[in-house]
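Residue-level structure breakdown
Take a look at the letters that make up each chain.
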Amino acid sequence: MSDSNQPRQADSGTAERHFVEAGSPADVCVVIVTYQSNDDIDAIIDDLRLEARDLRLRIVVADNNSPDGTLERVRTHPDVIAVDTGGNLGYAGGINVATEFAEPCETLLILNPDLRLEPGAVGEMLATLRADQRIGAVLPKIFRPDHTVYPSIRFEPSLSGLLGDAVFGSAIWLGRPTALSEFDYRAHSYDDAHDVDWATGAAVLIRSSVAREVGPWNESFFLYSEEIDYFRRIRDSGHLIRYQPRSAVVHTLGGSGTSPVLADLLAVNRVRYLELHHGRLYSAAGRASVALSEALRSYDRDHRRRLGIVLRRQRWAQLPTADIPKSAESIAVDRDRGTVIVPAYNESAVIERTLMPLSRAAVDGVIELIVVCNGCTDDTAARARKIPGAQVIELTTGSKTLALNAGDELATSWPRVYLDADIEITQRAVLDILDRLRRGDILAARPEFRYGTDDAGPIVRSYYRARSRMPVHRDALWWAGVYALTEEGHARFGRFPDVTGDDKFVDTQFAPDEKTVVSTDPSIWTTPTNTRGLIKVLGRHQRGNAELAEHNPESARPTGRTTALAVLASVRGPRTAVDALAYLVVATLSRYKAGRGETTWERDDTSRRRR
């Protein structure tokens with residue numbers, strides 16, 4: 001093998017080896033999906049030029065909105081078809097876009113951009129495919145950068161394999177049964193050509209007729225498990241998947257790697273795959289095995305978080321998903337469903353994150369999206385104006401209630417959602433809230449919500465765990481960062497009064513049977529990361545409670561002793577007792593500081609960060 005860390009030496013005449021243009025017959029159409037692949041793409045294109053000595057190759061690169069200039073780099077190769085997907089569609093979505101430019105071709109070769117091809121790799125795969133019409137796809141041997149064989153061959157996911165990997169991980173011992181792992185760790189399996197269930201999708205040659213028969217890759221898997229699903233469909237079509245070690249590639253890992261969030265997605269997609277292809281009991285057992293794997297490694301913080309995500313399905317909606325191009329996002333639903341009003345004060349770091357999920361609905365006329373920048377000294381307004389469909393107005397005074405009233409004056413439709421600018425929310429959640437209010441039997445609503453404590457310290461996490469267990473916080477309109485009103489409900493008070501806690505004020509206007517929590521995607525309120533930030537937030541709420549009591553003494557809720565009793569009632573064991581103690585200490589400290597005048601309206605900025 002050649003040294004994978006150095007480019008293959010091109011022989012004379014390489015520059016003249018052009019790729020087949022669009023519309024001309026090709027032996028192989030190479031599909032490469034890129035994302036931040038600027039450092040890798042030239043090398044793999046150069047390798048493919050050497051493969052083009054004896055083959056007619058067409059190259060299609062689909063770029064998933066890379067911010068590092070990948071697409072511009074690809075366009076320096078005039079005979080490569082460069083496709084801008086318009087967003088980050090994930091691996092499957094990128095492949096599907098690229099294959100629209102593939103025909104006419106005999107085969108499709110899917111390659112990761114951070115691969116290097118050993119001489120003749122493409123030709124060996126093509127020869128294998130041509131030798132047996134039963135073969136639908138061919139997979140090469142994959143080497144790591146240190147030239148060791150990467151265990152790329154996998155078995156179809158099974159309960160025994162999931163359980164074995166949960167207990168033993170990647171540990172290998174003599175005679176470990178193949179049924180106890182999804183990975184084929186046997187050295188001899190990588191020496192000879194044979195049929196397999198599937199293998200990593202970094203490199204795979206597919207017969208074009210089979211690709212047409214099987215259909216597009218499943219885009220519900222944004223990343224990970226899409227190749228398991230695709231290979232299964234190839235096998236179900238009656239075709240074989242052949243591993244061919246005479247064809248070799250090196251995975252340089254230049255654009256690969258993982259992060260805690262992507263590892264979360266990998267774990268959840270293992271469960272999603274089982275649920276797609278198996279019954280309820282089988283899928284539940286598989287999910288338990290995935291959870292067991294994380295539980296056995298829960299000494300690590302990332303595994304503890306991942307365990308919570310696997311067990312709590314409502315958190316799956318927050319995992320990475322496709323950023324669909326605006327031209328393909330049209331909503332085929334009734335128009336004029338209501339208005340979303342977003343007051344914003346110096347929210348440059350998060351405003352685009354909040355608004356972008358609602359952009360398509362605004363563009364299509366499903367909602368009005370009104371952003372009221374009040375007293376901003378940063379570029380919040382400029383960033384908000386970049387969001388298609390958003391109406392932006394600017395006020396010179398930094399007042400949230402003034403912004404809410406200004407938004408009401410501009411809005412033309414009901415019901416209305418009032419959304420804090422630092423809240424993460426989905427389009428589905430907003431439409432579900434509006435549709436619930438449009439039924440006419442209630443006056444106010446909010447979605448389910450959760451506290452975003454992923455980056456918070458242990459005391460902050462404990463505080464919010466305890467808070468989440470208190471019924472008054474689960475059922476009230478406040479603390480979700482979003483609530484919605486019908487026209488009749490809004491008429492209860494007319495204009496928003498000058499109070500800090502507008503959500504708590506609104507909550508006091510309605511009896512329990514006049515408001516509801518809608519079961520939909522939860523809004524996410526990102527908490528402070530440390531105790532100091534938490535004290536700032538609670539100080540502001542103390543001020544809001546005092547203002548509310550002045551505005552309407554009858555509606556003021558008891559706090560001190562009643563709150564203490566409520567949090568103590570939530571204790572169910574040692575951990576909940578620790579959480580309750582943290583809650584009481586922090587709450588007492590915040591009240592003490594508020595009583596001494598040591599807290600101000602100053603907000604916590606640790607929760608405001610670009611993602």
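Quick word on the packing of aromatic side chains
The tally for this structure, following the rule as stated, stands at 14 aromatic pairs. Ring centres 4.2 Å apart and planes at 10° place the aromatic pair Trp217 and Tyr230 in the stacked group. With Trp217 in the loop between helix H6 (208-214) and helix H7 (226-236) and Tyr230 in helix H7, this pair connects stretches of sequence that are 13 residues apart. For Trp217, a relative accessible area of 6% puts it in the buried group. By the ring-pair criterion, three or more aromatic residues cluster together here, those being Phe449, Tyr451, Tyr463, Tyr464, Trp525 and Tyr583. A cation over a ring is seen here: Arg416 above Trp414, with NZ or CZ 3.6 Å from the ring centre.

Details of the side chain of Asp521
Structurally, Asp521 can be placed in strand S19 (residues 515-526). Take Asp521: its relative accessible area is 12%, and that puts it in the buried class. Side chain to side chain, Asp521 and Thr426 meet in a polar contact 2.9 Å long. At 3.1 Å, the side chain of Asp521 forms a polar contact with the side chain of Arg428. Apart from the residues within four sequence positions on either side, Asp521 is in contact with Ala317, Thr426, Arg428, Ala429, Pro447 and Glu448.

Focus on the pairing of strand S15 (residues 416-419)
Here S15 shows a buried face lined by Arg416 and Tyr418 and a second buried face lined by Val417 and Leu419. As defined by bridge partners, strand S12 (residues 338-344) adjoins S15 across three bridges and the pair is classed as parallel. Counted as the bridge partner of Ile341 is Tyr418 from S15. As paired strands, S15 and strand S18 (residues 482-485) are joined by four bridges and run antiparallel to one another. By the bridge assignment, Tyr418 is partnered in S18 with Tyr483.

A short note on the confidence of the model for the protein chain
For the protein chain, the mean per-residue pLDDT works out to 85, and 86% of the residues sit at or above 70. Note on residues 1-16: pLDDT under 50 across the span, and 30 contacts to partners over four residues away in sequence or across chains. The low-confidence segment residues 326-332 (pLDDT under 50) makes 14 contacts with residues lying over four places distant or belonging to another chain.

A word on the sheet that holds S18
Taken together, eight strands build an open sheet; the order of strands is S14-S13-S12-S15-S18-S17-S19-S16 and the sheet is mixed. Each of the sheet's edge strands pairs with one partner strand only, and the pair in question is strand S14 (390-395) and strand S16 (423-424). Pairing of strand S17 (residues 444-452) with S19 involves eight bridges; the strand directions are parallel. When the bridges of S19 are listed, Phe449 appears paired with Ser523.

Quick notes on the environment of Ser413
Relative to the helices and strands, Ser413 resides in the loop between helix H13 (400-410) and S15. Taking C-alpha positions, Ser413 is 8.5 Å from Ile367, a pair spaced 46 residues apart along the chain. Excluding residues that lie within four positions of it along the chain, Ser413 makes contacts with Asp336, Gly338, Thr339 and Glu368. Here the side chain of Ser413 touches Thr339 through a polar contact of 2.7 Å, side chain to side chain. A distance of 3.3 Å separates polar atoms of two side chains, one belonging to Ser413 and the other to Glu368.

Regarding a nonpolar patch on the surface
A surface patch of nonpolar side chains, amounting to about 390 Å² of accessible area, comprises Leu163, Val167, Phe168, Leu292 and Leu296. A total of three residues in the nonpolar patch trace back to one element, the largest contributor, which is helix H5 (residues 159-168). Locating Val167 in the fold gives a position in helix H5.

Conventions used here
Residues numbered from 1 in each chain as written. Predicted model: local features only at pLDDT ≥ 70, side-chain atom pairs only at ≥ 80, totals over all residues. Heavy atoms only, no water. Phe/Tyr/Trp six-rings, centres within 6.5 Å; stacked < 30°, edge-to-face > 60°. Helix = DSSP H or I, 4+ residues; strand = E, 2+ residues; numbered from the N terminus. Buried < 20%, exposed > 50% of the residue type's maximum accessible area, 1.4 Å probe, protein only. Lys NZ or Arg CZ within 6 Å of the ring centre and 35° of its normal. Polar contact = N/O pair within 3.5 Å; in protein donor to acceptor, adjacent residues only side chain to side chain. Contact = heavy atoms within 4.5 Å. Pairing = 2+ DSSP bridges. pLDDT = per-residue confidence, 0-100. Patch = residues over 30% accessible without salt bridge, like charges linked within 9 Å, V, L, I, M, F, W, Y side chains within 5 Å. Areas by Shrake-Rupley, 256 points an atom, 1.4 Å probe, with all protein chains shown as cover. Salt bridge = Lys/Arg side-chain N within 4 Å of Asp/Glu carboxyl O.

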